[in-house]
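Coordinate inspection notes
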Amino acid sequence: GCCIMRGAYQSAEKEYGRLYPLLRDRASFLFEYGHGLHKQQQFSKSNRILKEALQRVVTPMILNVIGKNYQQMGDCLSAEDWFIRSTIVCRDVFIPIICLRSFMRNQASGNRTSLKNEVDGIDERAESAFYGNTTDEGGNKKDSAYFCPY
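As a convention, each chain's residues are numbered from 1 in the sequence order in which they are written. Totals for whole chains, interfaces and linings use all residues, but because this is a predicted model, local features are given only for residues with pLDDT of at least 70 and pairs of side-chain atoms are given and counted only at 80 or more. Each side-chain value is worked out from all heavy atoms of the structure, with water and hydrogens disregarded.

1. A closer look at the nonpolar core
Note on terminology: a nonpolar core comprises buried Ala, Val, Leu, Ile, Met, Phe, Trp, Tyr and Cys residues joined through side-chain atoms within 4.5 Å. Categorising residues by exposure relies on relative accessible area from a 1.4 Å probe, with only protein chains included: less than 20% of the type maximum marks a residue as buried, more than 50% marks it as exposed, and the intermediate range marks it as partly exposed. In terms of nonpolar packing, the biggest core is built from 22 residues, with Ile-62 and Ile-66 touching the most fellow members. We call two residues in contact when some of their heavy atoms are within 4.5 Å. With residues up to four places along the chain from it excluded, the contact list for Ile-66 reads Asn-47, Leu-50, Lys-51, Leu-54 and Trp-82.

Structural data, given as structure tokens:
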């Protein structure tokens, strides 16, 4: 299982490295290359390749993998930033929101007191990023039919 996949990623990474000079202008190639590097736990190199892909196309998938890379490297502030960017890029898809909320909950589980407000407020912050101001003139919270309930 795992060892076979790791070997497959290592083999693919060598081929991607060889093809990189020829295909570096293709975002789909860069995403696959960067994602493979992520799977091999080569997080810094993965982010370098994925950031090149962002120069060609911006998708939540790329932004989420970059966020996961930063999370794995222990840079939680950068991880959160990339997860939030992902939610802003794709307002009607809930996967970026789920990734951001999962990240925030994982951070809160280690230090419940300092991040409790962050986790409790994640729905409101993400909704605000999506839909602008989420309160009416009187300061009352507006309802949104499109917000992720998870």
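From this point on, the discussion continues.
2. A short note on the packing of aromatic side chains
When we look at a pair of aromatic rings, we describe it by the centre distance and by the angle of the planes. Note on ring pairs: Phe, Tyr and Trp rings are taken, using the six-membered ring of Trp, and paired if centres are within 6.5 Å. Classes follow the plane angle, with under 30 degrees stacked, over 60 edge-to-face and the rest tilted. Taken as a whole and judged by the stated rule, the model has four aromatic pairs. When the centroid spacing of 5.6 Å and the interplanar angle of 25° are considered together, the rings of Tyr-16 and Tyr-33 count as stacked. Pair noted here: Tyr-16 is in helix α1 (residues 2–23) and Tyr-33 is in helix α2 (residues 27–39), with a separation of 17 residues, a long-range link. On the basis of relative accessible area, Tyr-33 is assigned to the buried category, the value being 5%. Put simply, the rings of Tyr-16, Tyr-20, Phe-29 and Tyr-33 touch in pairs and so form one group of aromatic residues. Helix numbering and strand numbering both begin at the N terminus, where a helix is a DSSP run of H or I of at least 4 residues and a strand a DSSP run of E of at least 2.

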